[in-house]
Amino acid sequence: MNRRVTKAVFPVAGMGTRFLPATKSVPKEIMTLVDRPLIQYAIDEARAAGITEFIFVTSRGKGALEDYFDRAPELEATLRAKGKTQLLNVLGATNMDSGAIAYVRQNQALGLGHAVWCARHLIGDEPFAVLLPDDVIAAETPCLKQMVEAYEKTGGNMIAAMEVAPELASSYGIMDVAPGVGRVLPMRGMVEKPAPGAQPSNLAAIGRYILTPDVLRHLGDIEAGVGGEIQLTDAIAREITQRQNVHGFRFEGQRYDCGSKAGFLQATVAFGLARSDLGEELAQFLGDMMVQRQAAE
Ligand code: G1P
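This report concerns the structure included in the present document.

The subject of this paragraph is the overall build of the protein. Within the protein, the secondary structure is distributed over 11 helices and 13 strands. For 297 residues, the compact-globule estimate of 2.2 N^0.38 gives 19 Å, and the protein sits close to it at 20 Å. If you take every contact in the protein between residues at least 6 apart in sequence, the share linking residues at least 24 apart comes to 74%. Element-wise, carbon and sulfur atoms account for 53% of the exposed surface of the protein, whose accessible area totals about 15,300 Å². Across the protein, the centroid of the 30 positively charged side chains sits 3 Å from that of the 35 negatively charged ones.

Shown next, in the form of C-alpha coordinates:
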(Lines give C-alpha, C1' and ligand atoms only; values in the text may rest on other atoms or scores of the structure.)
Protein backbone atom coordinates (compact mmCIF):
# COMPACT_ATOMS: atom_id res chain seq x y z
CA MET A 1 0.00 0.00 0.00
CA ASN A 2 1.23 3.49 -0.77
CA ARG A 3 1.95 5.74 2.13
CA ARG A 4 -0.55 8.50 2.76
CA VAL A 5 0.49 12.03 1.86
CA THR A 6 0.07 14.27 4.90
CA LYS A 7 2.77 16.91 4.38
CA ALA A 8 2.81 19.70 1.86
CA VAL A 9 5.50 22.21 0.97
CA PHE A 10 4.56 25.72 -0.14
CA PRO A 11 7.48 27.54 -1.72
CA VAL A 12 6.76 31.20 -0.97
CA ALA A 13 10.21 32.75 -0.93
CA GLY A 14 9.94 34.52 -4.29
CA MET A 15 10.20 38.31 -4.39
CA GLY A 16 7.18 38.78 -6.63
CA THR A 17 8.90 41.35 -8.79
CA ARG A 18 6.24 41.02 -11.48
CA PHE A 19 3.81 42.69 -9.10
CA LEU A 20 5.94 45.64 -8.05
CA PRO A 21 5.27 48.11 -6.58
CA ALA A 22 2.51 46.20 -4.70
CA THR A 23 4.98 43.55 -3.56
CA LYS A 24 7.39 46.13 -2.16
CA SER A 25 5.69 45.71 1.21
CA VAL A 26 3.08 42.95 0.70
CA PRO A 27 4.12 39.36 -0.02
CA LYS A 28 2.71 38.22 -3.35
CA GLU A 29 0.92 35.33 -1.62
CA ILE A 30 -1.12 37.79 0.46
CA MET A 31 -2.50 39.58 -2.59
CA THR A 32 -6.23 39.01 -2.73
CA LEU A 33 -8.22 37.04 -5.19
CA VAL A 34 -11.72 38.44 -4.56
CA ASP A 35 -11.47 38.51 -0.75
CA ARG A 36 -8.98 35.83 0.18
CA PRO A 37 -5.21 35.89 -0.13
CA LEU A 38 -3.75 33.72 -2.86
CA ILE A 39 -2.15 31.43 -0.28
CA GLN A 40 -5.54 30.59 1.25
CA TYR A 41 -6.64 28.88 -1.98
CA ALA A 42 -3.57 26.62 -1.90
CA ILE A 43 -4.06 25.86 1.80
CA ASP A 44 -7.72 24.96 1.29
CA GLU A 45 -6.84 22.73 -1.63
CA ALA A 46 -4.20 20.96 0.44
CA ARG A 47 -6.59 20.48 3.35
CA ALA A 48 -9.21 19.00 1.03
CA ALA A 49 -6.61 16.47 -0.12
CA GLY A 50 -5.93 15.30 3.44
CA ILE A 51 -2.80 17.36 4.18
CA THR A 52 -2.33 18.02 7.89
CA GLU A 53 1.21 19.45 8.01
CA PHE A 54 1.99 22.62 6.11
CA ILE A 55 5.58 23.63 5.46
CA PHE A 56 6.29 27.11 4.18
CA VAL A 57 9.62 27.93 2.59
CA THR A 58 9.90 31.66 3.16
CA SER A 59 12.46 34.42 2.87
CA ARG A 60 13.04 37.92 4.22
CA GLY A 61 10.03 40.21 4.16
CA LYS A 62 7.39 37.48 4.46
CA GLY A 63 6.32 38.36 8.00
CA ALA A 64 2.80 39.27 6.89
CA LEU A 65 2.35 35.70 5.72
CA GLU A 66 3.23 34.28 9.13
CA ASP A 67 0.90 36.73 10.85
CA TYR A 68 -1.91 35.82 8.50
CA PHE A 69 -2.07 32.25 9.82
CA ASP A 70 -1.88 33.31 13.45
CA ARG A 71 -4.74 34.17 15.72
CA ALA A 72 -5.59 37.86 15.91
CA PRO A 73 -6.72 38.24 19.56
CA GLU A 74 -7.52 41.99 19.50
CA LEU A 75 -9.46 41.71 16.25
CA GLU A 76 -11.35 38.65 17.50
CA ALA A 77 -12.21 40.37 20.81
CA THR A 78 -13.53 43.43 18.99
CA LEU A 79 -15.66 41.35 16.63
CA ARG A 80 -16.99 39.28 19.55
CA ALA A 81 -17.88 42.40 21.54
CA LYS A 82 -19.83 43.66 18.53
CA GLY A 83 -21.56 40.32 18.01
CA LYS A 84 -20.10 39.86 14.51
CA THR A 85 -20.28 36.09 14.53
CA GLN A 86 -20.13 35.64 10.80
CA LEU A 87 -16.88 37.56 10.49
CA LEU A 88 -15.48 35.63 13.45
CA ASN A 89 -16.18 32.43 11.54
CA VAL A 90 -14.44 33.81 8.46
CA LEU A 91 -11.39 34.60 10.60
CA GLY A 92 -11.54 31.22 12.32
CA ALA A 93 -11.14 29.44 8.99
CA THR A 94 -7.74 31.08 8.51
CA ASN A 95 -6.27 29.95 11.83
CA MET A 96 -3.97 26.97 11.64
CA ASP A 97 -3.73 24.50 14.53
CA SER A 98 -0.69 24.87 16.73
CA GLY A 99 2.09 22.79 15.26
CA ALA A 100 0.33 22.23 11.93
CA ILE A 101 2.39 24.88 10.24
CA ALA A 102 6.15 25.18 10.03
CA TYR A 103 8.42 27.73 8.43
CA VAL A 104 11.84 27.24 7.00
CA ARG A 105 13.91 30.01 5.46
CA GLN A 106 15.50 29.86 2.05
CA ASN A 107 18.29 32.34 2.61
CA GLN A 108 19.47 32.44 -1.01
CA ALA A 109 17.30 32.57 -4.13
CA LEU A 110 18.68 29.41 -5.72
CA GLY A 111 15.49 28.18 -7.39
CA LEU A 112 12.40 26.05 -6.81
CA GLY A 113 14.36 22.84 -6.37
CA HIS A 114 16.52 24.45 -3.73
CA ALA A 115 13.44 25.83 -1.96
CA VAL A 116 11.93 22.34 -1.69
CA TRP A 117 15.27 20.92 -0.55
CA CYS A 118 15.35 23.51 2.26
CA ALA A 119 12.34 21.66 3.75
CA ARG A 120 14.06 18.24 3.75
CA HIS A 121 14.38 17.87 7.53
CA LEU A 122 10.72 18.70 8.04
CA ILE A 123 9.62 16.28 5.31
CA GLY A 124 11.74 13.35 6.45
CA ASP A 125 11.46 10.00 4.72
CA GLU A 126 7.94 10.09 3.35
CA PRO A 127 6.01 11.15 0.27
CA PHE A 128 5.01 14.80 0.22
CA ALA A 129 3.09 17.29 -1.87
CA VAL A 130 4.34 20.58 -3.30
CA LEU A 131 1.89 23.35 -4.15
CA LEU A 132 2.92 26.51 -5.98
CA PRO A 133 0.39 29.13 -4.84
CA ASP A 134 0.76 31.09 -8.11
CA ASP A 135 -1.07 28.31 -9.88
CA VAL A 136 -4.70 28.61 -8.83
CA ILE A 137 -6.91 25.79 -10.05
CA ALA A 138 -10.70 25.97 -10.07
CA ALA A 139 -12.10 22.46 -10.07
CA GLU A 140 -15.10 20.57 -8.81
CA THR A 141 -12.79 18.11 -7.06
CA PRO A 142 -9.74 20.09 -5.94
CA CYS A 143 -6.72 19.27 -8.11
CA LEU A 144 -4.49 17.84 -5.37
CA LYS A 145 -7.33 15.60 -4.20
CA GLN A 146 -7.69 14.24 -7.74
CA MET A 147 -3.96 13.55 -7.71
CA VAL A 148 -3.95 11.88 -4.29
CA GLU A 149 -6.73 9.56 -5.48
CA ALA A 150 -4.72 8.63 -8.57
CA TYR A 151 -1.54 8.26 -6.50
CA GLU A 152 -3.26 5.79 -4.18
CA LYS A 153 -3.38 3.42 -7.16
CA THR A 154 0.03 4.11 -8.73
CA GLY A 155 2.39 5.23 -5.95
CA GLY A 156 5.61 6.89 -7.12
CA ASN A 157 5.55 10.52 -8.21
CA MET A 158 2.62 12.40 -9.69
CA ILE A 159 2.79 15.81 -11.37
CA ALA A 160 -0.13 17.93 -12.54
CA ALA A 161 -0.12 18.29 -16.32
CA MET A 162 -1.79 20.61 -18.79
CA GLU A 163 -1.48 21.21 -22.52
CA VAL A 164 -0.03 24.64 -23.32
CA ALA A 165 0.33 26.47 -26.63
CA PRO A 166 3.67 25.49 -28.27
CA GLU A 167 4.98 29.07 -28.03
CA LEU A 168 4.49 28.99 -24.25
CA ALA A 169 6.31 25.70 -23.67
CA SER A 170 9.59 27.45 -22.91
CA SER A 171 8.04 28.92 -19.74
CA TYR A 172 7.34 25.54 -18.16
CA GLY A 173 8.69 22.19 -17.17
CA ILE A 174 7.70 20.04 -20.15
CA MET A 175 6.92 16.32 -19.97
CA ASP A 176 7.96 13.60 -22.33
CA VAL A 177 5.12 11.11 -22.04
CA ALA A 178 4.26 7.82 -23.60
CA PRO A 179 1.21 8.18 -25.84
CA GLY A 180 -1.96 7.66 -23.86
CA VAL A 181 -5.48 8.87 -23.51
CA GLY A 182 -6.12 8.50 -19.77
CA ARG A 183 -5.46 10.98 -17.01
CA VAL A 184 -2.35 9.20 -15.72
CA LEU A 185 0.56 9.37 -18.14
CA PRO A 186 3.80 7.51 -17.44
CA MET A 187 6.69 9.90 -18.06
CA ARG A 188 9.81 9.13 -20.10
CA GLY A 189 11.55 12.39 -19.35
CA MET A 190 11.11 15.99 -18.31
CA VAL A 191 12.88 19.18 -19.30
CA GLU A 192 12.76 22.58 -17.63
CA LYS A 193 12.02 25.54 -19.89
CA PRO A 194 13.10 23.96 -23.19
CA ALA A 195 14.42 26.21 -25.95
CA PRO A 196 11.65 27.22 -28.38
CA GLY A 197 10.92 24.31 -30.69
CA ALA A 198 12.89 21.80 -28.61
CA GLN A 199 10.04 20.67 -26.34
CA PRO A 200 9.30 16.92 -26.25
CA SER A 201 5.54 17.68 -26.10
CA ASN A 202 3.15 20.49 -25.22
CA LEU A 203 2.32 18.94 -21.88
CA ALA A 204 3.44 21.29 -19.13
CA ALA A 205 3.93 20.70 -15.43
CA ILE A 206 1.59 22.82 -13.33
CA GLY A 207 2.36 23.64 -9.70
CA ARG A 208 1.03 20.52 -7.97
CA TYR A 209 3.36 17.63 -7.24
CA ILE A 210 3.32 14.46 -5.16
CA LEU A 211 6.93 13.41 -4.72
CA THR A 212 8.93 10.63 -3.13
CA PRO A 213 11.86 11.19 -0.74
CA ASP A 214 14.14 9.97 -3.55
CA VAL A 215 13.45 13.19 -5.46
CA LEU A 216 14.41 15.12 -2.34
CA ARG A 217 17.71 13.24 -2.22
CA HIS A 218 18.43 14.07 -5.86
CA LEU A 219 17.88 17.74 -5.06
CA GLY A 220 20.81 17.52 -2.69
CA ASP A 221 23.30 16.57 -5.38
CA ILE A 222 22.15 17.87 -8.75
CA GLU A 223 23.91 20.76 -10.46
CA ALA A 224 22.29 24.10 -11.14
CA GLY A 225 20.24 23.98 -14.33
CA VAL A 226 18.33 26.52 -16.43
CA GLY A 227 18.78 30.08 -15.17
CA GLY A 228 21.59 28.94 -12.87
CA GLU A 229 18.97 27.59 -10.45
CA ILE A 230 18.50 24.21 -8.78
CA GLN A 231 15.49 22.95 -10.71
CA LEU A 232 12.87 20.62 -9.27
CA THR A 233 12.33 19.37 -12.82
CA ASP A 234 15.94 18.16 -13.03
CA ALA A 235 15.58 16.08 -9.85
CA ILE A 236 12.36 14.58 -11.23
CA ALA A 237 14.07 13.86 -14.55
CA ARG A 238 16.79 11.96 -12.69
CA GLU A 239 14.17 9.94 -10.83
CA ILE A 240 12.56 9.01 -14.16
CA THR A 241 15.88 7.62 -15.38
CA GLN A 242 16.52 5.71 -12.16
CA ARG A 243 13.11 4.33 -11.26
CA GLN A 244 10.60 5.07 -14.04
CA ASN A 245 7.98 5.85 -11.42
CA VAL A 246 6.89 9.35 -12.40
CA HIS A 247 3.45 10.10 -13.83
CA GLY A 248 1.95 13.17 -15.39
CA PHE A 249 -1.62 13.72 -14.26
CA ARG A 250 -4.03 15.46 -16.58
CA PHE A 251 -6.27 17.12 -14.01
CA GLU A 252 -9.82 18.25 -14.47
CA GLY A 253 -10.23 21.97 -13.89
CA GLN A 254 -9.26 25.45 -14.99
CA ARG A 255 -5.81 26.72 -14.07
CA TYR A 256 -5.00 30.40 -13.68
CA ASP A 257 -1.44 31.67 -13.75
CA CYS A 258 -1.63 34.13 -10.87
CA GLY A 259 2.10 34.72 -11.21
CA SER A 260 1.24 36.97 -14.16
CA LYS A 261 -0.88 40.10 -14.13
CA ALA A 262 -3.13 38.89 -16.94
CA GLY A 263 -3.67 35.55 -15.20
CA PHE A 264 -4.40 37.23 -11.87
CA LEU A 265 -7.00 39.47 -13.49
CA GLN A 266 -8.60 36.53 -15.29
CA ALA A 267 -8.80 34.59 -12.03
CA THR A 268 -10.31 37.60 -10.28
CA VAL A 269 -13.05 37.84 -12.90
CA ALA A 270 -13.70 34.09 -13.01
CA PHE A 271 -13.83 33.68 -9.23
CA GLY A 272 -15.94 36.82 -8.90
CA LEU A 273 -18.42 35.54 -11.47
CA ALA A 274 -18.65 32.22 -9.64
CA ARG A 275 -19.65 33.88 -6.37
CA SER A 276 -23.34 33.91 -5.49
CA ASP A 277 -23.00 37.29 -3.72
CA LEU A 278 -21.05 39.03 -6.51
CA GLY A 279 -21.50 37.17 -9.76
CA GLU A 280 -24.63 38.82 -11.06
CA GLU A 281 -23.48 42.38 -10.47
CA LEU A 282 -20.07 41.65 -11.95
CA ALA A 283 -21.56 40.00 -15.04
CA GLN A 284 -23.78 43.02 -15.59
CA PHE A 285 -20.80 45.35 -15.25
CA LEU A 286 -18.63 43.29 -17.62
CA GLY A 287 -21.44 43.19 -20.16
CA ASP A 288 -21.80 46.98 -20.02
CA MET A 289 -18.03 47.42 -20.37
CA MET A 290 -17.95 45.26 -23.48
CA VAL A 291 -20.78 47.22 -25.05
CA GLN A 292 -18.97 50.49 -24.32
CA ARG A 293 -15.74 49.12 -25.75
CA GLN A 294 -17.40 47.99 -28.95
CA ALA A 295 -19.19 51.32 -29.32
CA ALA A 296 -15.86 53.16 -28.97
CA GLU A 297 -14.18 51.08 -31.68
C1 G1P B 1 7.87 26.41 -12.10
C2 G1P B 1 8.53 25.09 -12.50
C3 G1P B 1 8.04 24.63 -13.87
C4 G1P B 1 6.52 24.57 -13.87
C5 G1P B 1 5.90 25.89 -13.40
C6 G1P B 1 4.41 25.74 -13.21
O7 G1P B 1 8.34 27.40 -12.99
O8 G1P B 1 9.94 25.26 -12.50
O9 G1P B 1 8.58 23.38 -14.17
O10 G1P B 1 6.08 24.24 -15.16
O11 G1P B 1 6.46 26.32 -12.13
O12 G1P B 1 3.80 26.94 -12.89
P13 G1P B 1 8.22 28.99 -12.66
O14 G1P B 1 6.80 29.37 -12.96
O15 G1P B 1 8.56 29.15 -11.22
O16 G1P B 1 9.18 29.65 -13.59
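On we go.
The N-to-C vectors of helix H8 (residues 213-221) and helix H9 (residues 232-243) enclose an angle of 120 degrees; their axes lie 9 Å apart at closest approach. Classed by the angle they form, the pair H8 and H9 counts as oblique. H8 and H9 meet at a crossing whose hand is right-handed. The segment H8 lies against H9, with Asp214, Val215, His218, Leu219 and Asp221 engaging Leu232, Ala235, Ile236, Arg238, Glu239, Gln242 and Arg243. Among the residues forming the contact of H8 with H9, the class breakdown is five nonpolar, two polar and five charged.

Here the focus is helix H1 (residues 38-48). Most of H1 is tucked away: eight of the 11 residues are buried. Those residues of H1 not exposed but buried are Leu38, Ile39, Gln40, Tyr41, Ala42, Ile43, Glu45 and Ala46. Following H1 by one or two positions, Gly50 adopts a phi angle in the positive range, close to 95 degrees.

In the region of the ligand, 13 residues are neighbours, and Asp135, Gly173, Glu192, Lys193 and Ala205 sit closest. Between an oxygen atom of the ligand and a side-chain N or O atom of Lys193, the distance comes to 2.7 Å. In the environment of the ligand, an oxygen atom lies 3.4 Å from a nitrogen or oxygen atom belonging to the side chain of Thr233. Protein chains shield 75% of the accessible area of the ligand, which is 380 Å² for the free molecule.

For the rest of this paragraph, the subject is the environment of Gly248. Along the polypeptide, Gly248 turns up in strand S12 (residues 246-250). Judged by its relative accessible area of 0%, Gly248 is buried. For the pair Gly248 and Met147, spaced 101 residues apart in the sequence, the C-alpha separation amounts to 9.7 Å. Residues within four places of Gly248 in sequence aside, it is in contact with Ile159, Ala161, Met175, Arg183, Val184, Leu185 and Met187.

To continue, consider the pattern of salt bridges. Counted according to the given criterion, the structure contains 22 salt bridges. Residue Arg3 pairs with Glu126 through a salt bridge whose shortest N-O separation is 4.0 Å. With Arg3 in the segment before strand S1 (7-11) and Glu126 in the loop between helix H6 (120-123) and strand S6 (128-131), this residue pair connects regions lying 123 residues apart in the sequence. Classification of Glu126 as buried rests on a relative accessible area of 13%. Across the pair Asp277 and Arg275 runs a salt bridge whose closest N-O atoms are separated by 2.9 Å. The network of salt bridges with common partners includes Asp125, Asp214, Arg217, Glu239 and Arg243.

Once that is clear, we can look at the nonpolar core. Core analysis: the largest hydrophobic core is formed by 39 residues, its most contacted members being Phe10, Ile39, Phe54, Phe56, Phe69 and Leu144. Elements supplying a minimum of two residues to this core: S1, H1, strand S4 (53-58), helix H2 (63-68), S6, helix H7 (143-154), strand S8 (157-163) and strand S11 (203-211). In terms of residue count, the dominant contributor to this core is H7 (six residues). Aside from chain neighbours lying at most four places away, what touches Phe69 is Ile39, Ile43, Phe56, Thr94, Asn95, Met96, Ile101 and Tyr103. Residues Val104, Leu203, Leu211 and Val246 belong to the second largest nonpolar core, which totals 33 residues.

Attention shifts here to the pairing of S1. For S1, the tally of buried residues reaches five of five residues, placing the bulk of the element in the interior. Residues of S1 alternate between two faces, with Lys7, Val9 and Pro11 on one and Ala8 and Phe10 on the opposite face, all of them buried. Relative to S4, S1 is paired through five bridges, and the arrangement is parallel. Looking at S4, one finds that Ala8 is bridged to Phe54. Sheet analysis places S1 next to S6, joined by two bridges and oriented parallel. Bridging across to S6, Ala8 finds its partner in Ala129.

Reading the values: the criteria
Residues numbered from 1 in each chain as written. Predicted model: local features only at pLDDT ≥ 70, side-chain atom pairs only at ≥ 80, totals over all residues. Heavy atoms only, no water. Helix = DSSP H or I, 4+ residues; strand = E, 2+ residues; numbered from the N terminus. Rg over C-alpha atoms; globule rule 2.2 N^0.38 Å. Contact = heavy atoms within 4.5 Å. Areas by Shrake-Rupley, 256 points an atom, 1.4 Å probe, with all protein chains shown as cover. Lys, Arg positive; Asp, Glu negative; His and termini not counted. Charge placed at Lys NZ, Arg CZ, Asp CG, Glu CD. Axes fitted to C-alpha atoms, helices over the stretch in contact; angles between N-to-C directions. Parallel < 35°, antiparallel > 145°, perpendicular 65-115°, else oblique. Left-handed = near helix turned anticlockwise from the far one by under 90°. Nonpolar A, V, L, I, M, F, W, Y, C, P; charged D, E, K, R; others polar. Buried < 20%, exposed > 50% of the residue type's maximum accessible area, 1.4 Å probe, protein only. Near = heavy atom within 4 Å. Polar contact = N/O pair within 3.5 Å; in protein donor to acceptor, adjacent residues only side chain to side chain. Salt bridge = Lys/Arg side-chain N within 4 Å of Asp/Glu carboxyl O. Core = buried A, V, L, I, M, F, W, Y, C linked by side-chain atoms within 4.5 Å. Pairing = 2+ DSSP bridges.

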